Amino acid sequence: LRKNVEDFTGPRERSDLGFVTFDITADILNGKNGLQTFWSKNTLIIFDWNVKQLFLYLSAEYSTKNNALNQVVLWDKIMLRGDNPRLSLKDMKSKYFFFDDGNGLKGNRNITLTLSWNVVPNAGILPLVTGSGHVSVPFPDTYETTKSY
């Protein structure tokens, strides 16, 4: 779903606002469903002695005529040690607004959604891990209009 709405945060121009509903199925612990881990090729260990939690996030990446690269975080979740590392989420809605600074969502055929995560250690650096699976989503050519009552 995509609307063309007035953006009051900048110049008084209309911008695209996208609403995304999605499903996520991933096995973070075992690296299944196209996701990978950064520890070792043979030993997949996410929650070792130095891992406090994972910060999971779903991002959208796309290009427009004004910007070669646009990246927007749509959803996030904190996974604590002991939580089920197998995600099976259905009909999830984006947690954050999906605003484009113009009209770059209308008719865009290559918006790529990627699940990534940061490992939050007890001590040390914060490594970033990007899943190897990506999904490209086409956006419609028309705007959704709101009903006035």
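- You'll find the chain entered in an unreviewed UniProt entry as Signal peptidase complex subunit 3, with Erythrocercus mccallii given as the organism.
- According to UniProt, the comment filed for the chain under the heading Sequence similarities (unreviewed entry) is "Belongs to the SPCS3 family."
- Per its UniProt entry, the chain bears the Subcellular location (unreviewed entry) comment "Endoplasmic reticulum membrane".

**Observations concerning the pattern of salt bridges**
Move 1: Considering all chains together, one arrives at 3 salt bridges under this definition.
Move 2: Residues Asp27 and Arg86 are paired through a salt bridge, measuring 3.4 Å at the closest nitrogen-oxygen approach. Here the residue Asp27 occupies a position in strand β3 (residues 21-27), and Arg86 occupies one in strand β6 (residues 86-93), the gap between them amounting to 59 residues.
Move 3: You can call Asp27 buried: its relative accessible area is 6%.

**Here we look at the side chain of Asp76**
Move 1: Position of Asp76 among the secondary structure elements: in strand β5 (residues 70-80).
Move 2: At 2.6 Å, the side chain of Asp76 forms a polar contact with the side chain of Lys95.
Move 3: A polar atom in the side chain of Asp76 sits 2.5 Å from the side chain of Tyr96.
Move 4: In this structure Asp76 touches Phe55, Leu56, Tyr57, Lys95 and Tyr96, once residues within four positions along its chain are discounted.

**Details of the environment of Tyr57**
Move 1: Here Tyr57 lies in strand β4 (residues 51-62).
Move 2: On a C-alpha basis, the gap between Tyr57 and Val73 in space is 6.9 Å, while along the polypeptide they are 16 residues apart.
Move 3: Discounting chain neighbours no more than four positions away, the residues touching Tyr57 are Val73, Trp75, Asp76, Thr114, Leu115, Ser116, Trp117, Asn118 and Leu128.

**Some remarks on the nonpolar core**
The nonpolar side chains of soluble globular proteins are, as a tendency, buried together.
Move 1: Core analysis: the largest hydrophobic core is formed by 28 residues, its most contacted members being Ile24, Ile28, Leu54, Phe98 and Trp117.
Move 2: The set of elements that each furnish at least two residues to this core consists of β3, β4, β5, β6 and β8 (111-121).
Move 3: Take this core: its biggest share by element is 6 residues, from β4.

**Structural notes on the pairing of strand β2 (residues 14-18)**
Move 1: Within β2, 4 of the 5 residues are buried, leaving the element largely enclosed by the surrounding structure.
Move 2: Across 2 bridges, the pairing between β2 and strand β7 (residues 98-99) is antiparallel. When the bridges of β7 are listed, Leu17 appears paired with Phe99.

About the cut-offs
Residues numbered from 1 in each chain as written. Predicted model: local features only at pLDDT ≥ 70, side-chain atom pairs only at ≥ 80, totals over all residues. Heavy atoms only, no water. UniProt positions renumbered as here; feature names shortened; annotations may be inferred. Salt bridge = Lys/Arg side-chain N within 4 Å of Asp/Glu carboxyl O. Helix = DSSP H or I, 4+ residues; strand = E, 2+ residues; numbered from the N terminus. Buried < 20%, exposed > 50% of the residue type's maximum accessible area, 1.4 Å probe, protein only. Polar contact = N/O pair within 3.5 Å; in protein donor to acceptor, adjacent residues only side chain to side chain. Contact = heavy atoms within 4.5 Å. Core = buried A, V, L, I, M, F, W, Y, C linked by side-chain atoms within 4.5 Å. Pairing = 2+ DSSP bridges.

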